[in-house]
Amino acid sequence: MAANVHTIAQTGFGTGTNELYDRIRPSYPSESLSYIRQLPKSTAPLNVVEIGAGTGIFTRVLLTHPEWATSIGALRAIEPSVGMRDFWTKTVKDDRATIVEGTFDSTGIEDGWADLIVIAQAFHWCLDHGKALAEFARILNKDGAVVLIWNIEDREAADWVAQLCKCREAHENGTPQLRLNPLRQSFSAPGYTSLFHPMEEREWSYYALATEQIVTERQLSWSYISVLPPDDKAKVVEDIKVILERGDGKVWINKEEGTYQYPYRTLVVVSRKK
């Protein structure tokens, strides 16, 4: 299984990194969940597969969202990281939901079982789009769809966010990133167009709560930052502190309490099976 998973994902999301990741990563706007709920053509209860389920951030949101809470018959989560699977098991308490080891191109799900596949904050890690798309088409029913969703820091909304991203991205070292991912190229290739209708996109802007601690820890939760040597990681923390103290474009919520807006965009990409 490890051969199908990027090496940085194996180490950066390994045992010992997941409590921080789960605690500090943002949730998803309710509107995006409402939009996704309108996509399945099948009637409830729905069979949902979540690939790259991680620590269960999106799983928990989906299971408890007002428009989803009574719509799910079964949710089968797939996650290659044993550390993340263990954390998911501790935090997802719903008899409809299970998790097993697997990858984008090897889910172990039966043919045609899924009404919907959801992949939250994870598809940029896919190493072979062609194999993954074939697997998605295999496990979806005839009216099924794949939903990819990402929370993205909005570097256009505030200079401090742009500076923060530049600081962190200096350490990417070739790890897959959404902004660099050839998603649109892959989704216009024959391996996609023979199986799925043209991709659909929706986007929402929102503001999460920020403090110096939240922003710093969120940067440290990135896989390629979590694997840095201690001295390099300490330098990242110092650089973040300088950026936040300068605060270019910072919009305060409560200056006395040290809270301010953390601008985000949530991107949803939908592929409906032919």
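Here the structure is shown first, and the text comes after it.
The rules we used
- All residue numbers refer to positions counted from 1 along the written sequence of the respective chain.
- The model is predicted, so local features are restricted to residues of pLDDT at least 70 and side-chain atom pairs to those at 80 or more, both for listing and for counting; the totals for chains, interfaces and linings are taken over all residues.
- With hydrogens and water excluded, all non-hydrogen atoms of the structure serve as input to the side-chain values.
- Comment: elements are numbered from the N terminus, with helices defined as DSSP H or I runs of at least four residues and strands as E runs of at least two.
- Radius of gyration: C-alpha atoms only; globule rule: 2.2 Å multiplied by the number of residues to the exponent 0.38.
- Only protein chains enter the calculation, and the probe is 1.4 Å; a residue is then buried if its accessible area is under 20% of its type maximum, exposed if over 50%, and partly exposed in between.
- Any pair of residues with heavy atoms lying within 4.5 Å of one another is described as a contacting pair.
- Only the protein chains shown count as cover for residues, with accessible areas throughout obtained via the Shrake-Rupley method and a probe of 1.4 Å.
- For the purpose of counting charges, residues Lys and Arg are taken to be positive, whereas Asp and Glu are taken to be negative. His and the chain ends are not included.
- Where a charge lies is defined by one atom per residue type, namely NZ (Lys), CZ (Arg), CG (Asp) and CD (Glu).
- DSSP bridges decide pairing: two strands pair if at least two such bridges lie between them.
- Given a helix with a known number of residues, its expected span is that number minus one, times 1.5 Å.
- Here the arc refers to the set of directions running from the helix axis out to each C-beta atom.
- We define a salt bridge as a contact between a side-chain nitrogen of Lys or Arg and a carboxyl oxygen of Asp or Glu at a distance within 4 Å.

Trainee: Give a detailed account of the overall build of the chain, specifying residues and quantitative values.
Mentor: On a plain count of helices and strands, the chain comes out with 12 helices and eight strands. Computed over its C-alpha atoms, the radius of gyration of the chain comes to 19 Å, within 12% of the 19 Å expected for a compact globule of 274 residues. If one aligns the C-alpha atoms of the chain with their principal axes, the spans along those axes are about 55 × 40 × 40 Å. Taken across its 274 residues, the chain has 55% of its residues classed as buried. The long-range fraction of contacts in the chain, counting pairs at least 24 apart against all pairs at least 6 apart in sequence, stands at 81%. Counting only carbon and sulfur atoms, one obtains 52% of the accessible surface of the chain, whose full area is about 12,500 Å². Taken together, the 30 basic and 36 acidic charged side chains of the chain have centroids lying 3 Å from each other.

Trainee: Residue-level account of the pairing of strand β4 (residues 114-120), with values.
Mentor: In terms of residue burial, β4 counts as a mostly covered element, since seven of its seven residues are buried. Here strand β1 (residues 46-51) runs beside β4; their pairing, made up of three bridges, is parallel. Bridge assignment links Glu50 to a residue of β4, and that residue is Val118. Note: β4 against strand β5 (residues 140-153), six bridges, orientation parallel. Bridging across to β5, Ile117 finds its partner in Val146.

Trainee: Got a sec to walk through helix α12 (residues 230-246)? Specific residues and values, please.
Mentor: With 17 residues, α12 should cover 24 Å at 1.5 Å per step; its first-to-last C-alpha distance of 25 Å lies within 8% of that length. Among the residues making up α12, those that are buried are Val236, Ile240, Ile243 and Leu244. The buried side chains of α12 occupy one side of the element, clustering within an arc of 90° when seen end-on. With respect to the buried face of α12, the exposed residues turned more than 90 degrees away are Pro230, Asp231 and Glu245. Residues of α12 that are buried make contact with α7 (159-169), α10 (212-220) and β8 (259-272).

Trainee: I'd like a description of the pattern of salt bridges, backed by residues and values.
Mentor: If charged atoms from side chains of opposite charge come close, those side chains can pair. Under the defined criterion, the tally for this structure stands at 16 salt bridges. Arg76 is paired through a salt bridge with Glu110; the nearest N and O atoms lie 2.8 Å apart. Taken together, the residues span a long stretch of sequence, with Arg76 in strand β2 (residues 72-78) and Glu110 in the loop between β3 (97-100) and β4 at a distance of 34 residues. Judged by relative accessible area, which is 40%, Glu110 ranks as partly exposed. Residues Arg138 and Glu135 are paired through a salt bridge, measuring 2.9 Å at the closest nitrogen-oxygen approach. With Arg138 and Glu135 both in helix α6 (residues 129-139) and three residues apart, the pair spans about one turn of that helix. Through salt bridges with shared partners, a single network forms among Glu153, Arg155, Arg168 and Glu169.

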